[in-house]
Amino acid sequence: MADLLGKVAVITGGATGIGLATARKFVAGAHAFIFGRRNAEQDTVTEEHFDRHFDINVKGTVFTLQKALPLLG
């Protein structure tokens, strides 16, 4: 994250999902301004919660496309 040092990031939707994952990466180097509407979700996110949502949102999409692409020829 050295390339983010001294940079400023504005992250919307930083309370959950991809916005939160992005915020966690950016705060390691940049001055990050994180906006979200749900404080409880921001304060109670666990690694298990992140993994579950990553699996649903990323793995689900990748594996669906993997199976669908041969049928779209």
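What counts and what doesn't
Residues numbered from 1 in each chain as written. Predicted model: local features only at pLDDT ≥ 70, side-chain atom pairs only at ≥ 80, totals over all residues. Heavy atoms only, no water. Helix = DSSP H or I, 4+ residues; strand = E, 2+ residues; numbered from the N terminus. Buried < 20%, exposed > 50% of the residue type's maximum accessible area, 1.4 Å probe, protein only. Pairing = 2+ DSSP bridges. Right-handed = clockwise from strand over helix to strand, strands pointing away. Salt bridge = Lys/Arg side-chain N within 4 Å of Asp/Glu carboxyl O.

Peer 1: Could you give an account of the environment of threonine 61, with specific residues and numbers?
Peer 2: Relative to the assigned elements, threonine 61 resides in helix H3 (residues 47-68). Sequence separation between threonine 61 and glycine 14 is 47 residues; the distance between their C-alpha atoms is 22 Å.

Peer 1: How would you explain the pairing of strand E1 (residues 8-12) if you had to name every residue and give the values?
Peer 2: Side-chain alternation along E1 places Ala9 and Ile11 on a buried face and Val8, Val10 and Thr12 on a face that remains uncovered. Two elements, E1 and strand E2 (residues 31-35), share five bridges in a ladder whose sense is parallel. Across the sheet, valine 8 pairs through a bridge with histidine 31, a residue of E2. The parallel pair E1 and E2, bridged by helix H1 (residues 17-26), forms a crossover whose chirality is right-handed.

Peer 1: Account for the pattern of salt bridges, naming residues and giving values.
Peer 2: As enumerated under the stated definition, the model contains one salt bridge in all. Residue lysine 59 pairs with aspartate 55 through a salt bridge whose shortest N-O separation is 3.4 Å. With a gap of four residues between them, lysine 59 and aspartate 55 both fall in helix H3, about one helical turn apart. For lysine 59, a relative accessible area of 39% translates into the label partly exposed. Assessed through its relative accessible area of 35%, aspartate 55 is described here as partly exposed.

Peer 1: Lay out the environment of proline 70 in plain terms, naming residues and giving numbers.
Peer 2: Note on placement: proline 70 falls in the segment after H3. You can call proline 70 exposed: its relative accessible area is 65%. Separated by 53 residues in the primary sequence, proline 70 and glycine 17 have C-alpha atoms spaced 30 Å apart.

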